[in-house]
Amino acid sequence: AQPVIVAIDGPSGTGKSSTSKAVAAQLGLSYLDTGAQYRAITWWMVNNEIDIEDPTAIAAVAGKPEIVSGTDPAGPTITVDGTDVAGPIRTQEVTSQVSAVSAVPEVRARITELQRSLAAAAEKGIVVEGRDIGTTVLPDADLKIFLTASAEARAARRSGELKGADVQATREALVKRDAADSSRKTSPLAKADDAVEVDTTELSLAQVIECVVTLVEEKR
Ligand code: C5P
């Protein structure tokens, strides 16, 4: 069979990662978390004391860190210059700064290139999740999904993941990050014209997974 390319985009807390990983595992496809790549380059910037407020400073060093993603859905990995950063990229410090770093065109060009080469190398196909996969990274994807959910549902899910973090504060941080990601000039968070929109507010994770698996099977 031809490799199948699936793009899953949407704002934070819509279940993109859980859905994408499970769909890839069920269908024997590779999996790429592009948010982890932007978090990894942000982690490197923070660690190297690059001024996050200064896009020119970020652009100047955007090519320096070597970011490697493992694409097995059973255990995706991410390293920066050989260091495992799977834990550190999830901290509040990185989360609050990732939108600023990922808005810099030189950062996007670099990460987009990595994403395209990983997708091209996936023999059976790949599920790629992010914000601009269907619009910019893989515009010829076989299937594009745009996941949405109410801000309340997204904040509740995210604070559940963060083990009891304040829902209100989580909601504010999410809304702020989505607004920044949606309004940036280069490759903002957006639904591709040919994407299938799935509102997950009232759906269980199992239902969302089944819905996406069915859509992929229809394309094969
Ligand atoms: O998906 P996750 O919440 O880990 O993504 C972290 C951040 O990475 C997003 O808020 C966004 O700023 C950036 N991102 C992006 N383009 C993508 C994926 C993530 O700009 N394709």
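The rules behind each value
Residues numbered from 1 in each chain as written. Predicted model: local features only at pLDDT ≥ 70, side-chain atom pairs only at ≥ 80, totals over all residues. pLDDT = per-residue confidence, 0-100. Pairing = 2+ DSSP bridges. Helix = DSSP H or I, 4+ residues; strand = E, 2+ residues; numbered from the N terminus. Axes fitted to C-alpha atoms, helices over the stretch in contact; angles between N-to-C directions.

- If you check an unreviewed UniProt entry, the chain appears there as Cytidylate kinase from Streptomyces phaeofaciens.

**A short note on the confidence of the model for the chain**
Phase 1 of the analysis: Looking at the chain, the pLDDT average stands at 96 and 99% of residues meet or exceed 70.
Phase 2 of the analysis: Prediction confidence for the complex, expressed as pTM and ipTM, is 0.97 and 0.99 respectively.

**Some points on the sheet that holds strand S2 (residues 30-33)**
Sheet strands pair via backbone hydrogen bonds, and the direction of the pair is either parallel or antiparallel.
Phase 1 of the analysis: Here we have five strands laid out as an open sheet, ordered S2-S6-S1-S7-S8, and parallel in their pairing. Strand pairing shows two members of the sheet lacking a second neighbour, S2 and strand S8 (196-199), which therefore form its edges. Taking each pair of neighbouring strands and ignoring which way they run, the sheet shows an average axis angle of 20°.
Phase 2 of the analysis: In this structure, strand S1 (residues 4-9) lies alongside strand S6 (residues 125-130), joined through six bridges in parallel fashion. When the bridges of S6 are listed, Ile8 appears paired with Glu129.

**Brief notes about the sheet that holds strand S4 (residues 77-80)**
Phase 1 of the analysis: Taken together, the three strands give an open sheet; going across it, the order is S3-S4-S5, and neighbouring strands pair in antiparallel fashion. Unpaired on one side and paired on the other, strand S3 (67-70) and strand S5 (83-84) mark the two borders of the sheet.
Phase 2 of the analysis: Relative to S4, S3 runs antiparallel, the two being bridged by four bridges. Note on S4: the bridge partner recorded for Ser69 is Ile78.

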